[in-house]
Amino acid sequence: MPLSVQNLRRYPFIASLILLLISVAFFILTTNTSQTLRQPIITKTSPFRDIVSNVTNSVTYVASDEVDSGEGLDNWKVCPGPLAVDYIPCLDNWKVIKSLKSRRHMEHRERHCPVPNPRCLVPLPVGYKVPVSWPKSRDMIWFDNVPHLKLVEYKKEQNWVKRSGDYLLFPGGGTQFKEGVNHYIQYIEKNLPKIGWGKRTRVILDVGCGVASFGGYLMDKDVMTMSFAPKDEHEAQIQFALERGIPATLSVIGTQRLTFPDNAFDLIHCARCRVHWDGDGGKPLLELNRILRPGGVFIWSATPVYRDDERDKKVWESMVALTESICWKVVAKSFDSSGIGLVIYEKPLSSSCYESRKQNNPPLCDGNIRPNTSWYTPLDGCISEIPVKSTWPKPWPQRLKSKPLSLSTGPDAERIFHEDTRRWSEVVRNFYIGGLGVNWSSVRNVMDMNAGYGGFAAALTDLPLWVMNVVPVNGPDTLPVIYDRGLIGIYHDWCESLNTYPRTYDLLHSSFLFGNLTQRCDMLDGAIEMDRILRPGGVVIVEDTIEMLKKLKHVLWSLHWSTTIHHQRFLVGKKGFWRPQTES
């Protein structure tokens, strides 16, 4: 019997049967597709999730139709007090700070997180605007975004920062940059020709960085600088740096290790950074030795190098004794026509010098009892051991995709690393660039909250942005690999607040972070912290299970963020300018 409209009208049960078969087929097809896209692929030999294997450039991105109500999360309040706009919970815990028994070793500048985490939202400064875009931001920012004038007055003779109408200007000066930071950079290169900015020397640490002009200008030479300073009387220096679009973090050399791995930096720099390197038995300098790559250099530009008064002489003599005891070699010492000088020390490539010292002081660290973590870990009073097979990384940019020196020696480690690099290249190309509605031209400061091997950052190196790679302290320690690749990052526990000012990042990224996080603390705390550090107009990209994305979407909705879910796999959230009404 031929199938026709007339026959369907005569035998209506046939039409019903056909419609039923079509519905079943559609249900099976969509269910299988959804399961393919939502399940993270996990290799047994790797802690990192795979991408969807069958994605191509032709994928169309469709936002989820599901909208959460946000019910029960409508009681948000603004953090109280006149200083709330710059609130950093773990550095502004004044109740604990006031009760400290000692401040001799900068204990009051270290982390003291409140318990429980605060559940308030940081307000915006009056007149806050969308930040000036890079590269213009290196030289000027909106005053209303960081309305602090102490450094303008305090350093007015040194050209750190000036005010001009609605803007703060950064002329590229500094205490030691009397003829400008570019002249200073050239002066270093003249004293150490092998430095090879941006090739041999790629990742550096600037201790007590001021407003980070040194690191900002080195970006022109393909150098990635981690600038850091404490939150102290030099009001808002790190906030200025981040507003300018320069990598920076709040930290201090006090009683605890810096949140960096051993043997990380190609070069460490200190220009009048006010650290007593010989204090506490030399522990501050031993900490630099820990994080300086074997064969790396420490550049110290300070008055003890070039002045002859009694105080400076004593400091210099102490520095000579301490550097000789840890086998650092002076490779250059000079004085510039501008009236400043510097000394350049080189760390040995092997431990042989330590073993031939007349006195075992400071002693070598015992690897069997020495903590491996750099999170709330006391400073060492010993010399960290140099790896037996210690070589210099390949020149940038080859080192980005070469086998990292610190990669595990496991049988599949190198294969997993290269697969991870390839996967993230595909994810960024096929999903993130052009596929999720992100305006990458407005993105400068990026944070990867669960960085793994740094594959996400590696895939973005051709864009005019930088990535702070965060390795959670409760997961695999991949931060040494990240530094070996010529990238930068820190350790952190996302159950606590980060050491940065509010409104300092344009884009936050995480891949399968929240499943582990919510086993130890509340997702709400993580969302509040994202809201604190993300700029208005900024974006988050979260890759996770659909169940986790729905929970996060619910929270972000309550914060008045716009959110979409793509492919049941990615959540894109955009923060607006909304803040709760302040209580009168």
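Please read these numbers as outputs of a predicted model, since none were measured by experiment.

**Looking at the pairing of strand S10 (residues 292-301)**
Part 1 of the argument: Burial analysis of S10 places 10 of its 10 residues in the buried class, the great majority of the element.
Part 2 of the argument: Each parallel crossover has a hand, and for strand S9 (residues 265-271) linked through helix H8 (residues 283-291) to S10 it is right-handed.
Part 3 of the argument: Pairing of S10 with strand S12 (residues 341-346) involves four bridges; the strand directions are antiparallel. Paired with Trp-300 across the strands is Val-343, a residue of S12.

**A word on the confidence of the model for the protein chain**
Part 1 of the argument: Looking at the protein chain, pLDDT values average 88 and 87% of them are 70 or higher.
Part 2 of the argument: Counting contacts from residues 22-71, a segment whose pLDDT is below 50, to residues more than four positions away or on other chains yields 75 contacts.

**Some details on the pattern of salt bridges**
Part 1 of the argument: This structure, assessed with the given rule, holds 31 salt bridges.
Part 2 of the argument: Linking Asp-522 and Arg-119 is a salt bridge whose minimum nitrogen-to-oxygen distance equals 3.5 Å. Here the residue Asp-522 occupies a position in the loop between helix H16 (514-517) and helix H17 (523-533), and Arg-119 occupies one in the loop between helix H3 (94-98) and strand S3 (140-142), the gap between them amounting to 403 residues.
Part 3 of the argument: Arg-311 is the partner of Asp-312 in a salt bridge, and the nearest nitrogen-oxygen pair spans 3.7 Å.
Part 4 of the argument: The class for Arg-311 is exposed, based on a relative accessible area of 54%.

**Observations concerning the nonpolar core**
Part 1 of the argument: Membership of the largest hydrophobic core comes to 139 residues, with the highest contact counts inside it found for Trp-277, Phe-298, Trp-300 and Tyr-432.
Part 2 of the argument: Residue contacts for Phe-298: discarding those within four places in its chain leaves Ile-268, His-269, Cys-270, Trp-277, Leu-285, Leu-288, Leu-292, Met-319, Trp-328, Val-343, Ile-344 and Tyr-345.
Part 3 of the argument: The next biggest cluster of nonpolar side chains, apart from the first, holds 12 residues, and it includes Phe-143, Leu-151, Val-161 and Val-211.

**Description of the packing of aromatic side chains**
Part 1 of the argument: A full pass over the atoms with the stated rule returns 21 aromatic pairs.
Part 2 of the argument: A centroid spacing of 4.7 Å and a plane angle of 50 degrees characterise the contact between Phe-177 and Tyr-184, whose relative ring orientation is tilted. Taken as a pair, Phe-177 and Tyr-184 share a single burial class, namely buried.
Part 3 of the argument: Consider the rings of Phe-298 and Trp-328, whose centres lie 5.8 Å apart with planes at 55 degrees: the pair is tilted. Within this pair, whereas Phe-298 is found in strand S10, its partner Trp-328 is found in the loop between helix H10 (310-325) and strand S11 (329-335), the two being separated by 30 residues in sequence. Of the two residues, Phe-298 and Trp-328, both sit in the buried class.
Part 4 of the argument: Over the ring of Phe-143 we find Arg-163, and its NZ or CZ is 3.7 Å from the ring centre.

Calculation rules
- Residues numbered from 1 in each chain as written.
- Predicted model: local features only at pLDDT ≥ 70, side-chain atom pairs only at ≥ 80, totals over all residues.
- Heavy atoms only, no water.
- Buried < 20%, exposed > 50% of the residue type's maximum accessible area, 1.4 Å probe, protein only.
- Helix = DSSP H or I, 4+ residues; strand = E, 2+ residues; numbered from the N terminus.
- Right-handed = clockwise from strand over helix to strand, strands pointing away.
- Pairing = 2+ DSSP bridges.
- pLDDT = per-residue confidence, 0-100.
- Contact = heavy atoms within 4.5 Å.
- Salt bridge = Lys/Arg side-chain N within 4 Å of Asp/Glu carboxyl O.
- Core = buried A, V, L, I, M, F, W, Y, C linked by side-chain atoms within 4.5 Å.
- Phe/Tyr/Trp six-rings, centres within 6.5 Å; stacked < 30°, edge-to-face > 60°.
- Lys NZ or Arg CZ within 6 Å of the ring centre and 35° of its normal.

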